[in-house]
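The primary structure of each chain is shown beneath.
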Amino acid sequence: MLKRANNAYVITGAGISTSADIPDLEHLSSSIDISSETALKNDPQQYYAEFHKLFIDPVFENGPTDSHRFLAKLEEDDLIKGIVTTNIDFLHELAGSKNVADIWSNLNRNHYLKCGRIFPIETLKSAVPTCPICGGLLIPDPVYRHIGIDENAYLRANQWMKQADLVITIGSNGYYDNIPNDINVININPKRNHFDQRAQLTIHSKSDLVFDQIYDYL
Ligand SMILES: [Zn+2]
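Residues numbered from 1 in each chain as written. Predicted model: local features only at pLDDT ≥ 70, side-chain atom pairs only at ≥ 80, totals over all residues. Heavy atoms only, no water.

Named according to an unreviewed UniProt entry, the chain is protein acetyllysine N-acetyltransferase originating from Companilactobacillus kimchiensis.

Colleague: Would you take a moment to explain the overall build of the chain for this structure?
Modeller: Within the chain, the regular secondary structure consists of 7 helices and 9 strands. Dimensions of the chain, computed from C-alpha atoms along their principal axes, come out at roughly 55 × 30 × 30 Å. In the chain, of all internal contacts separated by at least 6 residues, the share reaching a separation of at least 24 is 58%. Here the chain contributes 19 positive and 28 negative side-chain charges, whose respective centroids are spaced 3 Å apart. (Helix = DSSP H or I, 4+ residues; strand = E, 2+ residues; numbered from the N terminus. Contact = heavy atoms within 4.5 Å. Lys, Arg positive; Asp, Glu negative; His and termini not counted. Charge placed at Lys NZ, Arg CZ, Asp CG, Glu CD.)

Colleague: Where do I start with the environment of Ala 14 in this structure?
Modeller: On the secondary structure map, Ala 14 appears in the loop between strand E1 (8-12) and helix H1 (37-42). With sequence-adjacent residues up to four places away left out, Ala 14 is seen in contact with Asp 24, Asn 87 and Gly 171.

Colleague: Explanation requested: the coordination of the zinc ion in the structure shown.
Modeller: Between any two of four tetrahedral donors, the ideal angle at the metal is 109.5 degrees; between two of six octahedral donors, it is 90 or 180 degrees. Here the zinc ion is held by the protein donor atoms Cys 115 (SG), Cys 131 (SG) and Cys 134 (SG), which lie 2.1 to 2.3 Å from it. Sequence positions of the residues that donate to the zinc ion give the spacing C-x15-C-x2-C. Highlighted residues: Cys 115 in the loop between strand E4 (110-112) and strand E5 (118-119) and Cys 131 in the loop between E5 and strand E6 (138-140), separated in sequence by 16 residues. (Donors = N, O, S within 2.8 Å, 3.2 Å for Na, K, Ca; no water.)

Colleague: What's the story with the packing of aromatic side chains in this structure? I'm lost.
Modeller: Each pair of aromatic rings is reported with the distance of its centres and the angle of its planes. Applying the stated criterion across every chain yields a total of 9 aromatic pairs. Measuring from centroid to centroid gives 4.4 Å for Phe 70 and Phe 211, while their planes differ by 25°, and the two rings are stacked. With Phe 70 in helix H3 (residues 66-76) and Phe 211 in helix H7 (residues 207-214), the pair connects residues that are 141 residues apart, well separated along the chain. Connected via pairs of aromatic rings, a cluster forms that spans Tyr 47, Tyr 48, Phe 51 and Phe 55. If you follow Lys 3 out to its NZ or CZ, it ends over the ring of Tyr 217, 5.0 Å from the centre. Over the ring of Phe 60 we find Lys 125; its NZ or CZ atom is 4.4 Å from the centre of that ring. (Phe/Tyr/Trp six-rings, centres within 6.5 Å; stacked < 30°, edge-to-face > 60°. Lys NZ or Arg CZ within 6 Å of the ring centre and 35° of its normal.)

Colleague: Which parts of the structure should I look at to understand the sheet that holds strand E8 (residues 184-188)?
Modeller: Hydrogen bonds between backbone groups are what pair the strands of a sheet, and the pairing can be parallel or antiparallel. If you walk across this open sheet you meet the 6 strands as E3-E2-E1-E7-E8-E9, and the pairing is parallel. Strands with a single pairing partner mark the edges of an open sheet, and in this sheet they are strand E3 (100-102) and strand E9 (201-203). Here the average twist between neighbouring strands, direction ignored, is 15°. Looking at chain direction, E8 and E9 are connected through 3 bridges and run parallel. By the bridge assignment, Ile 188 is partnered in E9 with Ile 203. Each of strand E7 (166-170), E8 and E9 touches H7; the most contacted strand, E8, lies at about 115° to it. (Pairing = 2+ DSSP bridges. Axes fitted to C-alpha atoms, helices over the stretch in contact; angles between N-to-C directions.)

Colleague: Teacher, can you tell me more about the nonpolar core here?
Modeller: The tendency in soluble globular proteins is for nonpolar side chains to be buried as a group. Ranked by size, the top nonpolar core spans 43 residues in total, and within it Ile 34, Tyr 47, Phe 51, Phe 55, Val 84, Leu 107 and Val 167 carry the most contacts. Every element with two or more residues in this core is listed here: E1, H1, helix H2 (44-62), E6 and helix H6 (151-163). In terms of residues, this core owes the most to one element, H2, which gives 7 residues. Judged by nonpolar contacts, the second largest core, of 17 residues, contains Leu 2, Ile 83, Ile 186 and Ile 188. (Core = buried A, V, L, I, M, F, W, Y, C linked by side-chain atoms within 4.5 Å. Buried < 20%, exposed > 50% of the residue type's maximum accessible area, 1.4 Å probe, protein only.)

Colleague: Please clarify how the pattern of salt bridges should be interpreted in this entry.
Modeller: When the charged atoms of two side chains with opposite charge come close together, those side chains can pair. All told, the structure shown has 7 salt bridges when counted by the stated rule. The closest approach of N and O atoms between Asp 141 and Arg 109, which form a salt bridge, is 3.8 Å. Of this pair, Asp 141 sits in helix H5 (residues 141-144) while Arg 109 sits in the loop between E3 and E4, and the two are 32 residues apart along the sequence. Of the residues examined, Asp 141 reaches a relative accessible area of 1% and is grouped as buried. Assessed through its relative accessible area of 36%, Arg 109 is described here as partly exposed. We note a salt bridge from Asp 141 to Arg 145, for which the minimum N-O separation is 2.7 Å. Judged by its relative accessible area of 29%, Arg 145 is partly exposed. Because the salt bridges share partners, they merge into one network encompassing Arg 109, Asp 141, Arg 145 and Asp 150. (Salt bridge = Lys/Arg side-chain N within 4 Å of Asp/Glu carboxyl O.)

Structure follows, in structure tokens:
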């Protein structure tokens, strides 16, 4: 199906990043409300300690998974055209993917609250990142948006879906209604999810294992 497709796109969700120990934002259990700007302002030390533990440390220590790297290779080989993701971890871009629509924004966009300057993901490595110029606190864009849709990325993703003739969903439960009715869907997820009923091909397995097996074949 992938070799036959002319415009294959991939939709990824939390499931692709769990092998890097990055949690699912929607089902996060945390001592503080990680999506709260107030929590960040009230106690920056505590907030960033938790944010590091949950996101920053796994992103930099575990890095992109085999699946992220495989998808970057598929794009390089022109077998897929782009990736729509509900993840904020920026791992697709860190793996080398170029066409990524991060519909909930990502950790590579961070605002300083006082002056509005914007800085990339590396800035988050500081224990409590503060602006070297105005001293303001840094807030990751997904938190700034209160885990809301990034309109530009969302419009881009919708445009891609209009061109798609194949969609591969990986560890995802989101963006379901945006897939056109008349195209093939491959769903890769260890457990049953609602893409199963829509997919022409369902693989109940972790994507790292699936891609290890089909890499040589492709
Ligand atoms: Zn500043």
